[in-house]
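As a plain string of letters, each chain reads:
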Amino acid sequence: MIRTSLTPRAGWQQQFDSLGFSYHSIDGLYWDERYAYCFNSEQIDVLEQATLDLHQMSLQAVDHVMRHGMQDRFAIPAQFWSLVEESWREKEFSLYGRFDLSWDGSGAPKMLEYNADTPTGLVESSVAQWYWLQDVFPDADQFNSLHEKLITQWKKFSGKGLLHFTCAAENEEDEGNLSYLRDTAIQAGFATKQCAIEQLGWDQKQGVFVDDADISIQNLFKLYPWEWLCREEFAAHLLTRPMTIIEPAWKMILSNKAILPVLWELFPHHPNLLPAYFDAWRISGNHVKKPLYSREGENISIYADGEVLHTTGEYGAEGYVYQAYAPQPKFDDGITPAYTSIGAWVVGDEAAGIGIREDETLITKNTSRFIPHYFID
């Protein structure tokens, strides 16, 4: 795993604008092709197998949580427990997810968390870095089958009628990811409509959710977290299951940091896992304190070598887990030092590629840069 310095392509911004990747320069510098990461094919095989193994272990962990009634450890509102159980029992359709891994190219990749409900970074991982590869390293390859696998997975969805896509209004990154996912559904043969979640409403007379044109919603893909949905004013109506929701309710288990101690309990000392516990006293040495619900690196505390690195935010009220510290590898060319995190994509039950983020600190945040990758045999 080598970080190389490159000269950015002329006109890449215009290319990405035309592809729908309009937020490429959000916060000044997001997409960063001054660098690229090079792997060999054996390293890609390691990443692919780790992704597959972690996903299967995670599914077993969900089943364990259900069978042992552990939902309260996940701070899921009690009235939603039956919905989660029914969703899991019926194996409701799931589209995708993303593991965040710490790895420097040798040894075993370590799982930091599983973004299994509303992961973003799709446009840059799927489309943008593929176009970059064709221009910069046309004779190389890339661990990236996201587009094809998303279309294939959509074709397995049995929902009938219009497929609505929604996210919060005026969030350019979420809207870009949502539009891309909608496009893959269209290519899979679905009729679709996209609207802001603020435009959805409840029709009391018909007992259905409706969009801004009063069209009833039968199938809803939401780039909006379940833990927020559960606490909205209309949340009680979700319990009647008036529509099919993607990602399904059982993803409340996988997308929660409480899954980390469960995984460690079920698969202790697995090479791709880090020790993790619900109780701080059970972990010693360098470790990370993570809220059950946390996004974009907020409210994370790293306790390492006598120092503390902490980010602020709005999370933590529901509780924390404690995970052994696995520092992201550091690359430093003397100009832009970077700590690297690998996002490993899952579509359905298959590994589908990676996207790489860099930050000048040990905590990957919303402002962390995206760096393309390639591999050679």
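Our subject in this report is the structure included herewith. Everything numeric in this text was worked out from a predicted model, so none of it was measured.

The rules behind these values
- Residues numbered from 1 in each chain as written.
- Predicted model: local features only at pLDDT ≥ 70, side-chain atom pairs only at ≥ 80, totals over all residues.
- Heavy atoms only, no water.
- Helix = DSSP H or I, 4+ residues; strand = E, 2+ residues; numbered from the N terminus.
- Rg over C-alpha atoms; globule rule 2.2 N^0.38 Å.
- Buried < 20%, exposed > 50% of the residue type's maximum accessible area, 1.4 Å probe, protein only.
- Contact = heavy atoms within 4.5 Å.
- Areas by Shrake-Rupley, 256 points an atom, 1.4 Å probe, with all protein chains shown as cover.
- Lys, Arg positive; Asp, Glu negative; His and termini not counted.
- Charge placed at Lys NZ, Arg CZ, Asp CG, Glu CD.
- Expected span 1.5 Å × (residues − 1).
- Polar contact = N/O pair within 3.5 Å; in protein donor to acceptor, adjacent residues only side chain to side chain.
- Pairing = 2+ DSSP bridges.
- Axes fitted to C-alpha atoms, helices over the stretch in contact; angles between N-to-C directions.
- 1 Å grid on protein atoms, 1.4 Å probe; cavity = no way out; pocket = protein on both sides within 12 Å on 5 of 7 lines; lining within 4 Å.
- Points joined across faces, edges and corners; volume = space filled by probe spheres on them.
- Nonpolar A, V, L, I, M, F, W, Y, C, P; charged D, E, K, R; others polar.
- Salt bridge = Lys/Arg side-chain N within 4 Å of Asp/Glu carboxyl O.
- Core = buried A, V, L, I, M, F, W, Y, C linked by side-chain atoms within 4.5 Å.
- Phe/Tyr/Trp six-rings, centres within 6.5 Å; stacked < 30°, edge-to-face > 60°.
- Lys NZ or Arg CZ within 6 Å of the ring centre and 35° of its normal.
- Parallel < 35°, antiparallel > 145°, perpendicular 65-115°, else oblique.
- Left-handed = near helix turned anticlockwise from the far one by under 90°.

### Here we look at the overall build of the protein
Then comes step 1: Each helix and strand counted, the protein has 10 helices and 20 strands in total.
Then comes step 2: Here the C-alpha radius of gyration of the protein, 20 Å, is about what a compact globule of 377 residues would show, namely 21 Å.
Then comes step 3: Residues counted as buried form 57% of the 377 residues belonging to the protein.
Then comes step 4: Taking as baseline every contact in the protein between residues at least 6 positions apart, the subset at least 24 positions apart corresponds to 69%.
Then comes step 5: For the protein, the exposed area adds up to about 15800 Å²; of that, 48% sits on carbon and sulfur atoms.
Then comes step 6: Counting 29 positive and 54 negative side-chain charges, the protein places the centres of these two groups 5 Å from one another.

### Comments concerning helix α2 (residues 41-67)
Then comes step 1: Between its first and last C-alpha, α2 extends 39 Å over 27 residues, near the 39 Å set by a 1.5 Å rise per residue.
Then comes step 2: The N-cap residue of α2 is Asn 40: its side-chain oxygen and the backbone nitrogen of Glu 42 are 3.1 Å apart.

### Looking at the sheet that holds strand β2 (residues 35-40)
Then comes step 1: Strand order in the open sheet formed by three strands is β1-β2-β20, with mixed pairing between adjacent strands. Edge positions in the open sheet fall to β1 (2-5) and β20 (373-376), since each of these has one partner strand only. On average, each strand axis in the sheet is tilted by 35° relative to the strand beside it, whichever way the strands run.
Then comes step 2: Along the sheet, α2 contacts β2 and β20; its crossing angle with β2, the most-contacted strand, is approximately 90°.
Then comes step 3: The strands touched by helix α4 (residues 122-136) within the sheet are β2 and β20, with β20 carrying the most contacts at an inclination of about 50°.

### Comments concerning the layout of surface pockets
Unoccupied space between atoms shows up once a probe the size of one water molecule is rolled over them.
Then comes step 1: Its volume calculated, the second largest pocket comes out at about 320 Å³.
Then comes step 2: The wall of the second largest pocket is formed by 16 residues, among which His 55, Ser 94, Gln 153, Gly 348 and Asp 349 lie closest to the centre.
Then comes step 3: When residues of the lining of the second largest pocket are traced back to their parent elements, those giving at least two are α2 and α5 (146-154).
Then comes step 4: For the lining of the second largest pocket, the element with the most residues is α5, which contributes three residues.
Then comes step 5: For the lining of the second largest pocket, the per-class residue count stands at five nonpolar, five polar and six charged.

### With respect to the pattern of salt bridges
Pairing is possible between side chains that carry opposite charge, provided their charged atoms lie close to one another.
Then comes step 1: Applying the stated criterion across every chain yields a total of 16 salt bridges.
Then comes step 2: Among the salt bridges present, the one from Arg 241 reaches Glu 90, with a minimum N-O distance of 2.7 Å. In this pair, Arg 241 is assigned in the loop between α8 (235-238) and β10 (244-246) and Glu 90 in the loop between α3 (81-89) and β3 (96-102), connecting sequence segments 151 residues apart.
Then comes step 3: Given a relative accessible area of 27%, Arg 241 falls into the partly exposed group.
Then comes step 4: A relative accessible area of 45% means that Glu 90 is categorised as partly exposed.
Then comes step 5: Note that Lys 149 is salt-bridged to Glu 350, the shortest N-O span being 3.6 Å. Here Glu 350 lies in strand β18 (residues 350-359) and Lys 149 lies in helix α5, a separation of 201 residues in the sequence.
Then comes step 6: Looking at Glu 350, the relative accessible area reads 41%, which means it is partly exposed.
Then comes step 7: Residues joined by salt bridges that share partners form a network here, namely Arg 3, Asp 32, Arg 34, Glu 358 and Arg 369.

### Some thoughts on the nonpolar core
One broad trend across soluble globular proteins is that nonpolar side chains are buried collectively.
Then comes step 1: If you look at the biggest cluster of nonpolar residues, it comprises 78 residues, and the most contacted ones within it are Phe 39, Leu 47, Phe 80, Met 111, Trp 226, Ile 253 and Ile 342.
Then comes step 2: If you tally residues by element for this core, the top one is α2, at nine residues.
Then comes step 3: Excluding its chain neighbours within four sequence positions, the residues that come into contact with Trp 226 are Phe 80, Leu 83, Asp 117, Leu 238, Ile 245, Glu 247, Pro 248, Ala 249 and Met 252.
Then comes step 4: Grouped together as the second largest cluster of nonpolar side chains are 40 residues, Cys 38, Tyr 96, Ala 128 and Ala 185 included.

### Some points on the packing of aromatic side chains
Given two aromatic rings, their pairing is described by the distance between the two centres and the angle made by the two planes.
Then comes step 1: Under the counting rule described, the total for this entry stands at 27 aromatic pairs.
Then comes step 2: Aromatic side chains Trp 31 and Phe 370 sit 5.7 Å apart centroid to centroid with 15° between the ring planes, which places their arrangement in the stacked category. Here the residue Trp 31 occupies a position in the loop between α1 (12-18) and β2, and Phe 370 occupies one in strand β19 (residues 369-371), the gap between them amounting to 339 residues. This pair shows no difference in class: Trp 31 is buried, exactly as Phe 370 is.
Then comes step 3: The ring of Tyr 320 has Lys 289 lying over it, and the distance from NZ or CZ to the ring centre is 4.3 Å.

### Overview of the packing of α4 against helix α6 (residues 172-187)
Packed helices, taken two at a time, are described by their axes: the angle between them and the distance between them.
Then comes step 1: Contact geometry of α4 with α6 gives a least axis separation of 9 Å together with a crossing angle of 60°. By the criterion of interaxial angle, the relationship of α4 to α6 is oblique. As for how α4 packs across α6, the hand of that crossing is left-handed. Each of Leu 122, Val 123, Ser 126 and Val 127 in α4 lies in contact with α6, whose residues at this interface are Gly 176, Asn 177, Tyr 180 and Leu 181.
Then comes step 2: Considered class by class, the residues forming the contact of α4 with α6 number five nonpolar, three polar and no charged.

### Description of unusual backbone geometry
Then comes step 1: The step from Ile 246 to Glu 247 runs through a cis peptide bond, and the omega angle for that step is 0°.
Then comes step 2: Considering the arrangement of structural elements, one finds Glu 247 in the loop between β10 and α9 (251-254).
Then comes step 3: Phi at Asp 27 is positive, roughly 60°, even though this residue is not glycine.
Then comes step 4: Inspection of the secondary structure puts Asp 27 in the loop between α1 and β2.

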